[in-house]
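Understanding the architecture of this molecule
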Amino acid sequence: MLGLRALQRASRTPALRQNLTTKRWATQSSIGGLEGAADNAFNRERQAVKDHAAATSDTWRKLSIWVVIPCLCIASVNAWRLWTEHWEHKAHEGPIEERTEYPYMNIRTKNFFWGDGDKTLFWNPKVNHHKKDEE
């Protein structure tokens, strides 16, 4: 600012002095590209919100790329490892037909309206078994 004043004082023509002063005030008041009638408090606040939104969205984009994606990869590897361990454990059990059926298992008060009426909607023959009463 000191250099600008010195330049204005040193200038010999009033037109140059007026032009420099106009440029100085124009650059200070035109925040965010607003000039003239559009440069009011509402539009300045709106521009500040847009600038903040741009910075915030950039932060969330970086978080999504550098934090969320690696965490999802680690969680996927962990889930796959647990799934593999579970099926290895299931392989060591005896056949499904030889397992003991306790009274609280597979209680049916009425038949299901699909299939043979004994199997639930989520029946998995590798895991579930039901010994029907032979009576």
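Residues numbered from 1 in each chain as written. Predicted model: local features only at pLDDT ≥ 70, side-chain atom pairs only at ≥ 80, totals over all residues. Heavy atoms only, no water.

Within an unreviewed UniProt entry, the label attached to the chain reads Cytochrome c oxidase subunit, and the organism entered is Extremus antarcticus. UniProt annotates the chain under Pathway (unreviewed entry) with the comment "Energy metabolism; oxidative phosphorylation." The UniProt entry for the chain carries the following text under Sequence similarities (unreviewed entry): "Belongs to the cytochrome c oxidase subunit 6A family." (UniProt positions renumbered as here; feature names shortened; annotations may be inferred.)

Structural notes on the overall build of the chain
Helices and strands together make up the secondary structure of the chain, namely three helices and zero strands. Its helices and strands taken in sequence order, the chain reads α-α-α from the N to the C terminus. Burial analysis of the chain (135 residues in total) assigns 8% to the buried set. Looking at the chain alone, contacts between residues at least 24 apart form 31% of all its contacts between residues at least 6 apart. Accessible surface computed for the chain: about 11900 Å², of which carbon and sulfur atoms make up 62%. (Helix = DSSP H or I, 4+ residues; strand = E, 2+ residues; numbered from the N terminus. Buried < 20%, exposed > 50% of the residue type's maximum accessible area, 1.4 Å probe, protein only. Contact = heavy atoms within 4.5 Å. Areas by Shrake-Rupley, 256 points an atom, 1.4 Å probe, with all protein chains shown as cover.)

So, a nonpolar patch on the surface
A cluster of nonpolar side chains, Trp 60, Leu 63, Ile 65, Trp 66, Val 67, Val 68, Ile 69 and Leu 72, forms an exposed patch at the surface whose accessible area comes to about 830 Å². Relative to the helices and strands, Leu 63 is located in helix H3 (residues 41-91). (Patch = residues over 30% accessible without salt bridge, like charges linked within 9 Å, V, L, I, M, F, W, Y side chains within 5 Å. Salt bridge = Lys/Arg side-chain N within 4 Å of Asp/Glu carboxyl O.)

A short note on the side chain of Asp 39
Tracing the chain through its elements places Asp 39 in the loop between helix H2 (14-29) and H3. Within the local environment of Asp 39, its side chain forms a polar contact with the side chain of Arg 44, the two groups lying 3.0 Å apart. (Polar contact = N/O pair within 3.5 Å; in protein donor to acceptor, adjacent residues only side chain to side chain.)

Some words on the state of the cysteines
A covalent bond bridging the sulfur atoms of two cysteines is what the word disulfide describes. Per the stated rule, a full pass over the model turns up zero disulfides. Cys 71 takes part in no disulfide bond, and the closest cysteine sulfur to it belongs to Cys 73, at a distance of 9.2 Å. (Disulfide = S-S within 2.5 Å.)

Section: the packing of aromatic side chains
Applying the stated criterion across every chain yields a total of three aromatic pairs. An angle of 15° between the planes, with centres 5.1 Å apart, marks the rings of Phe 112 and Trp 114 as stacked. Relative accessible area serves as the criterion here: at 28%, Phe 112 is assigned to the partly exposed category. For Trp 114, a relative accessible area of 29% gives the class partly exposed. Linked through ring pairs, Phe 112, Phe 113 and Trp 114 together constitute an aromatic cluster. (Phe/Tyr/Trp six-rings, centres within 6.5 Å; stacked < 30°, edge-to-face > 60°.)

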